[in-house]
Amino acid sequence: MAKDLLETLLQLEKENKTSEIEKIINNKDHQGDPVLEYYLAHLYYIGYIYPKDIEQSMQHLKASAIKNYASACYQLSTSYERGDGVDVDLSIANEYLLKAAEQNYLPAVNHLGEIHMMGRMDIKIDLNRAFDLFRQCSIAGYEKGKINYAYCLCYKVGNEGNYEEGFKLLTELAEKGYPEAMYNLGKIYFEGYGTRRDIIRANYWLMRATEGGHLFAAKMLGDCYYDGIGVAIDHKLAYKYYKMAADLGNNEAAQLVANCLISGDGVKMNFEEAIAYCVRAAHGGDAEAQVSLGNRYYYGDGLRRNYERAVYWYQEAAKQNNPIGLKNTADMLVEGQGCKKDINKAIEYYSRAVEQNYFDAAAPLAYLYETGAKTIKKDYEKAVKYYLIAYENNDDEYAAMKYADLVSEGKGVPYPEHTKATKAYEFSAHRGNLRSIKKAGEAYLKGIGVNRDYERALRYYLDAAKLGDEESVILVNLIRRSMEFNSFE
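Keep in mind it's a predicted model, so treat the numbers as computed, not measured. (Residues numbered from 1 in each chain as written. Predicted model: local features only at pLDDT ≥ 70, side-chain atom pairs only at ≥ 80, totals over all residues. Heavy atoms only, no water.)

**So, the overall build of the protein chain**
A count of helices and strands for the protein chain gives 27 helices and 0 strands. At 32 Å, the protein chain has a C-alpha radius of gyration far larger than the 23 Å of a compact globule built from 489 residues. Evaluated residue by residue, the protein chain yields a buried proportion of 46% over its 489 residues. As presented, the protein chain carries roughly 25400 Å² of accessible surface, and 48% of it is formed by carbon and sulfur atoms. Looking at charge distribution, the protein chain has the averaged site of its 60 positive side-chain charges lying 3 Å from that of its 70 negative ones. (Helix = DSSP H or I, 4+ residues; strand = E, 2+ residues; numbered from the N terminus. Rg over C-alpha atoms; globule rule 2.2 N^0.38 Å. Buried < 20%, exposed > 50% of the residue type's maximum accessible area, 1.4 Å probe, protein only. Areas by Shrake-Rupley, 256 points an atom, 1.4 Å probe, with all protein chains shown as cover. Lys, Arg positive; Asp, Glu negative; His and termini not counted. Charge placed at Lys NZ, Arg CZ, Asp CG, Glu CD.)

**Observations concerning the layout of surface pockets**
Considered as a void within the structure, the largest pocket measures approximately 680 Å³ in volume. As for the largest pocket, its lining consists of 14 residues, and the residues nearest its centre are Glu114, Met118, Arg120, Glu180 and Phe216. Among the elements of the structure, helix 7 (106-118), helix 9 (143-155), helix 11 (179-191) and helix 13 (215-227) are those that each provide at least two residues to the lining of the largest pocket. Per element, the largest residue contribution to the lining of the largest pocket is 4 residues, and it comes from helix 11. Residue composition of the lining of the largest pocket, by class: 6 nonpolar, 4 polar and 4 charged. Taken as a whole, the second largest pocket spans an internal volume of roughly 240 Å³. (1 Å grid on protein atoms, 1.4 Å probe; cavity = no way out; pocket = protein on both sides within 12 Å on 5 of 7 lines; lining within 4 Å. Points joined across faces, edges and corners; volume = space filled by probe spheres on them. Nonpolar A, V, L, I, M, F, W, Y, C, P; charged D, E, K, R; others polar.)

**Thoughts on the pattern of salt bridges**
Across all of its chains, the model carries 25 salt bridges by this definition. Ionic pairing is found between Asp132 and Arg135, a salt bridge with its closest N-O pair at 3.1 Å. Residue Asp132 and its partner Arg135 are located together in helix 8 (residues 127-139), separated by 3 residues, close to a single helical turn. For Asp132, a relative accessible area of 29% translates into the label partly exposed. Owing to a relative accessible area of 25%, Arg135 belongs among the partly exposed residues under this scheme. (Salt bridge = Lys/Arg side-chain N within 4 Å of Asp/Glu carboxyl O.)

**Overview of the packing of helix 7 against helix 9**
For any two helices packed against each other, one specifies the inter-axial angle together with the distance between the axes. Look at helix 7 against helix 9: their axes get within 9 Å of each other, and the N-to-C directions meet at 30°. Here helix 7 lies roughly parallel to helix 9, going by the angle between them. With respect to the hand of their crossing, helix 7 and helix 9 are arranged in left-handed fashion. Residue-level inspection shows Asn110, Glu114 and Met117 of helix 7 in contact with helix 9, the latter providing Lys144, Gly145, Asn148, Tyr151 and Cys152. By residue class, the composition of the contact of helix 7 with helix 9 is 3 nonpolar, 3 polar and 2 charged. (Axes fitted to C-alpha atoms, helices over the stretch in contact; angles between N-to-C directions. Parallel < 35°, antiparallel > 145°, perpendicular 65-115°, else oblique. Left-handed = near helix turned anticlockwise from the far one by under 90°. Contact = heavy atoms within 4.5 Å.)

**Side note on the packing of aromatic side chains**
This structure, assessed with the given rule, holds 20 aromatic pairs. Both rings, one in Tyr369 and one in Tyr386, keep their centres 6.2 Å apart while their planes meet at 10°; by these two values the pair is stacked. Placement of the pair is Tyr369 in helix 21 (residues 362-371) and Tyr386 in helix 22 (residues 380-394), with a sequence separation of 17 residues. Aromatic side chains Tyr391 and Tyr403 sit 5.6 Å apart centroid to centroid with 40° between the ring planes, which places their arrangement in the tilted category. Remark: Tyr403 occurs in helix 23 (residues 397-408) and Tyr391 occurs in helix 22; sequence separation between them is 12 residues. For the pair Tyr391 and Tyr403, a shared accessibility class is recorded, and that class is buried. Among the aromatic residues, those joined into a cluster by ring pairs are Tyr151, Tyr155, Tyr163, Phe167, Tyr189 and Tyr193. (Phe/Tyr/Trp six-rings, centres within 6.5 Å; stacked < 30°, edge-to-face > 60°.)

**Description of the packing of helix 14 (residues 235-247) against helix 15 (residues 251-263)**
In the contact formed by helix 14 and helix 15, the axes pass within 8 Å of each other and the chain directions differ by 140°. With respect to helix 15, the axis of helix 14 lies oblique. Once helix 14 is placed against helix 15, the crossing between them reads as left-handed. Residues Tyr239, Tyr242, Lys243, Ala245 and Ala246 of helix 14 pack against Ala253, Ala254, Leu256, Val257, Cys260 and Leu261 of helix 15. Tallied by class, residues from the contact of helix 14 with helix 15 come to 10 nonpolar, no polar and 1 charged.

**Side note on the nonpolar core**
Counting 64 residues, the largest nonpolar core has Phe167, Ile188, Leu206, Val257 and Tyr277 as the members making the most contacts within it. Sequence-distant contacts of Tyr277, defined by excluding residues within four places in its chain, comprise Lys243, Ala246, Asp247, Ala254, Val257, Ala258 and Leu261. Ranked by size, the runner-up nonpolar core spans 53 residues in total, among them Ala318, Val407, Leu458 and Tyr461. (Core = buried A, V, L, I, M, F, W, Y, C linked by side-chain atoms within 4.5 Å.)

From the geometry alone we can't say anything about function, so treat these as descriptive.
Shown next, in the form of structure tokens:
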């Protein structure tokens, strides 16, 4: 009965028979009917018959969902999940999603499976539960659920894995024209997962999925043309597909479009349009775009310099554990740029960045531990640890020099380690650090951590002299004179 009423109303809407729709709406027999409330929510949302009014739409949607109408429960859940017409509230979103799924409303069952698969909305990853929910949808003939079920079978996600069955089902669905199935099949051929890698077939299915409006397929096809994978390199076509993906809502592609527009790669340079795509991607949650937008505010590159906006966007990226966002936020917390100084928070952010092997964060973290601050104590052991990480992993001559300074004085280590210090000074010296050049020269001149070697000492002091160091000029003359007399006493 409920389904019949909704189908009748939607058919009348399709035929634009507004007077007949209004008769049904005003019929006392339908007052308070959850189906009618659901349809009224739809009318206010799209602005048909009544002026567009999101608040009124939500009131009707809630009235329908409270009466446990499955479609309304699911729609209300997605509204609270996305913040569409209401503030984001994941607990309410979960509540109504479960109400819809318990009624075997298949879009809700499938979405619940996706949430269990990805671990979203405060629900932990449960691949077995996801698999069971997708199988439930597949048995009931829900196509989106079938695609997810086929994917799980192919990639052995959850309770069972049957590649042959999954691949067959995915192929059938792709041949029926489902873009998501085409995309997944294209990925399988691209990766050569469970079958011979076939880039031609991969690109065929990715192209078909793109034609069907699949935003991830369009982005992947752009990658193929950009890098020449299975096709000739063509940056104009790459840009075309990146833009297509971006305009379909792919935030990563939006940032790639911005990069192309800035560099003129495959398209005429257009800085203003590039900024617009970067802003779109950042607001859409792409961490790389958030860092890029933060940089533009920080340096005043295409946007008015604004440290508050810069730190805001760095923090948004940091919330996603983006290492550059973490490091840049920490930099601003140390200086108090656009935010209140907070050394403890800066240490936390630098540490999280280093944990992800972003070694640019190691040296500034080491410096905080070396110098201390009002809110933290000096910790030479940690300073040595992070300077060493920076010098060994990031080719950082400054970190190498600072590490050498500390260990040569026995700071952060049980006793002075002159051999390690001299090695680090030499590393730094070979990268042009003047102070390290002189320190390496001194080590070989005096035999600190190495055997005395006057010729090597002379070479280091000559390098320092060439860089304009007056003290080294004097030492070069003294060493040469002493070598002539074979005496350094």
